[in-house]
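# Geometric and topological summary
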Amino acid sequence: MSHIEILRAGALTTCQDTGRPGWGHLAVPPSGAADRPSWRLANQLAGNPTGACALETTLNGATVRAHRNVTVVVGGAPCPVTVDGRPEAWGQPVKLRAGSVLDAGPAEVGVRSYLAFSGGLHPKPSLGSHSTCLLSGLGPAPLKDGDTIPLGPSPAHPPLPTQWPAPWAGISAEIVMKLHLGPRLEWFRPEAVAELARGLWIVSEHSNRIGLRLEGPALRRVDAERELPSEGIVAGALQVPPSGQPILFGADHPTTGGYPVIGVVGPESLAAAAQARPGTGIRFAPIPMPYWSKRG
Amino acid sequence: MTTGRTTAHRLRPLPAGPRSILIDCGTPAAARSCYRSLQARRMSGLLEAADLVPGATTVLVDGIDEPELLAAELPGWPLIEEAEAAGETVEIPVCYDGPDLEAVAKMWGVAPDDVADIHSNVEYEAAFCGFTPGFAYLEGLPERFHVPRKETPRTTVPAGSVAVAGPYTGVYPRSSPGGWQLIATMTNPGRLWNEHREPAALLVPGTRVRFAAVRV
């Protein structure tokens, strides 16, 4: 079994798996890996079953010592990888001997790199998940230098003898997201849809796993004083507080909120949002409300 | 409280992304009925959803494959009426010693000693959860006892604090910032959230709640 040891936790390194979907009615955020496709692929290349827990780093990577022989894949945001100071491949299975030190350096583009270890990580679970939730405090605390995390048994089938790197969609200076309008579009002035289609928002540095704060044209309500009774929120919701500057909710989003949601980006945009650095431009391609929402 | 007659409800489906519907039920009572109906349909296999998240006057149906089918069905739904919905009743022993007790008494126009009687003589229902795991928004306080939030929220509210704000009362499961008026303290706040219990939250939507005053 044995474990890994965190030598350098970096800006923010957390344990992440599929999270805790299905507990929103108890005010439990879903959590889980913020960039699901990258996390999933890193696990696959490490020979892990779907859903294994991996490390998620933020901007400047992490350094880890293995306390048993283990295969590791560094995926997600591309970064320099070294083992005991020697360069190693990003996006491919790398064998670590017991005692070896793996360093995943600063992200060259994007925000979050994933370190998937064969056998997966097994910190103490909470509601069936090993994921850290920044909003609720459920799951293991964000990692500190010196922390150790148990490794699961090595997978029965060894990692794929692959030579191909994990694909990386890349992050451009601007990301365009499909935005499904609703549920509370009618709370906004009629010109809001045109504003959404035309405007450019910049990811603020006050962004995290809970959500991206966006700075740009203010989205104005019909009645700024009207209060919205708290209602359920989904990941990808674009919520508009009284300032008119929207928040795009991510994996650790609150389960209910009292500001209107003008639209929701699809799951395909959540990974891009998770890799959007402060300063990245966000544009929206609004999708009209479906026919069934217009009756009555 | 509404009478719960089916004809009184008008459920309005709103899109909330490609795999979710937010049902606007219009009133808190209709939202509670709608939530119960959705739960019953889910239990009997008529509805497949990843989560049902009640709000003040809404229910979010999250993780559904074909939102348009549910949206089409909604207007014809019979809702489960209030009288049929005898949820479990949980008693919470509390000490009425909160730092805002006197301020609340003043707003209610009663003596501080009367706050305990008034607050503990109401049967509440957990309408929905939010804010932090295990925090339930409890409805039932008559309108004349609704008070505003504090103008400046506290940076730290101790676990177990019993608070009122707007139409709700609630108990903080863990220490957190908070803007509600604190009137009492739960003697054993560890009951509110226990990850090793099923369900982890003591107060799930639909739970009936009574506060019992204890003296220290």
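Reading the values: rules and limits
Residues numbered from 1 in each chain as written. Chains lettered and ligands numbered in written order. Predicted model: local features only at pLDDT ≥ 70, side-chain atom pairs only at ≥ 80, totals over all residues. Helix = DSSP H or I, 4+ residues; strand = E, 2+ residues; numbered from the N terminus. Rg over C-alpha atoms; globule rule 2.2 N^0.38 Å. Buried ≥ 20, exposed ≤ 12 C-beta atoms within 10 Å, placed from the backbone. Contact = placed C-beta atoms within 7 Å. Pairing = 2+ DSSP bridges. Axes fitted to C-alpha atoms, helices over the stretch in contact; angles between N-to-C directions. Nonpolar A, V, L, I, M, F, W, Y, C, P; charged D, E, K, R; others polar. Domains from an automatic or database assignment.

What chain B contains, in helices and strands, is 4 helices and 13 strands. For 216 residues, the compact-globule estimate of 2.2 N^0.38 gives 17 Å, and chain B sits close to it at 18 Å. In terms of overall dimensions, chain B has a C-alpha envelope of 55 × 35 × 30 Å along the principal axes. Residue burial in chain B is summarised as follows: out of 216 residues, 45% are buried. Long-range contacts, defined here as pairs at least 24 residues apart, represent 61% of the contacts in chain B between residues at least 6 apart.

The strands that make up a sheet pair up through hydrogen bonds in the backbone, lying either parallel or antiparallel. All names here are of chain A. Strands sit in the order β2-β3-β10-β5-β8 across an open sheet of 5 strands; the sheet is antiparallel. Each edge of the open sheet carries a strand with a single partner, namely β2 (14-16) and β8 (94-96). On average, each strand axis in the sheet is tilted by 35° relative to the strand beside it, whichever way the strands run. Taken together, the 3 bridges between β2 and strand β3 (residues 54-56) define a ladder with antiparallel strand orientation. For T14, the partnering residue across the bridge sits in β3 and is E56.

All right, on to unusual backbone geometry then. A cis geometry characterises the amide bond from G182 of chain A onward to P183 of chain A, with omega recorded as 10°. The amide bond that connects E198 of chain B to the next residue, P199 of chain B, takes the cis arrangement and shows omega of -5°. Relative to the helices and strands, P199 of chain B resides in the loop between β12 (181-186) and β13 (208-213). Phi is positive for S31 of chain A, close to 55°, though the residue is something other than glycine. Assignment of secondary structure puts S31 of chain A in the loop between β2 and α1 (36-45). Since 32 C-beta atoms lie within 10 Å of it, S31 of chain A is described here as buried. In this model, L127 of chain A sits at a positive phi of 50°, which is unusual for a non-glycine residue.

Between chain B and chain A, the contact holds 37 residues from the first and 29 residues from the second. Broken down by secondary-structure element, the contributors of at least two residues to the side of chain B that touches chain A are β1 (12-15), β2 (20-24), β3 (51-54), β4 (58-62), α2 (67-73) and β6 (124-129) of chain B. A breakdown of the residues in the side of chain B that touches chain A according to their chemical character gives 24 nonpolar, 8 polar and 5 charged.

Here the focus is the domain arrangement of chain A. Residues and elements named next belong to chain A. Domain annotation of chain A identifies domain 1 (3-150) and domain 2 (174-294). Taking the mean C-alpha position of each, domain 1 and domain 2 sit 28 Å from one another. Across the boundary between the two partners, domain 1 contributes 20 residues, which contact 15 residues of domain 2. Among the residues forming the side of domain 1 that touches domain 2, the class breakdown is 11 nonpolar, 6 polar and 3 charged.

As for its position among the elements, G17 of chain B is in the loop between β1 and β2. Here the alpha-carbon distance between G17 of chain B and G63 of chain B, two residues 46 residues apart in the chain, equals 9.9 Å. Residues contacting G17 of chain B, with those up to four places away along its chain left out, are H180, V234, G236, V264 and G266 of chain A.

Right, let's talk about the pairing of strand β9 (residues 101-104) of chain A for a bit. All names here are of chain A. On β9, burial follows the alternation: L102 and A104 on one face are buried, whereas V101 and D103 on the facing-out side are not. Bridging between strand β4 (residues 62-66) and β9 involves 4 bridges; their strand directions are antiparallel. If you follow A62 over to β9, its bridge partner there is A104. When strand β6 (residues 81-83) meets β9, the two strands line up antiparallel, connected through 3 bridges. Opposite T82, over in β9, you have D103 as the bridge partner.

Glancing now at the domain arrangement of chain B. All names here are of chain B. What the domain assignment lists for chain B is domain 1 (6-84) and domain 2 (89-213). Distance from the C-alpha centre of domain 1 to the C-alpha centre of domain 2: 27 Å. Taken residue by residue, the interface counts 7 residues in domain 1 and 5 residues in domain 2. For the side of domain 1 that touches domain 2, the element with the highest residue contribution is helix α1 (residues 28-43), accounting for 4 residues.

This part is about the pairing of β4 of chain B. Residue and element names in this part refer to chain B. Burial runs high along β4: 5 of the 5 residues are buried. Every second residue of β4 is oriented toward a common face, with T58, L60 and D62 on one face and V59 and V61 on the other, all of them buried. Strand direction decides the pairing type here: β2 and β4, joined by 5 bridges, are antiparallel. Counted as the bridge partner of I23 is V59 from β4.

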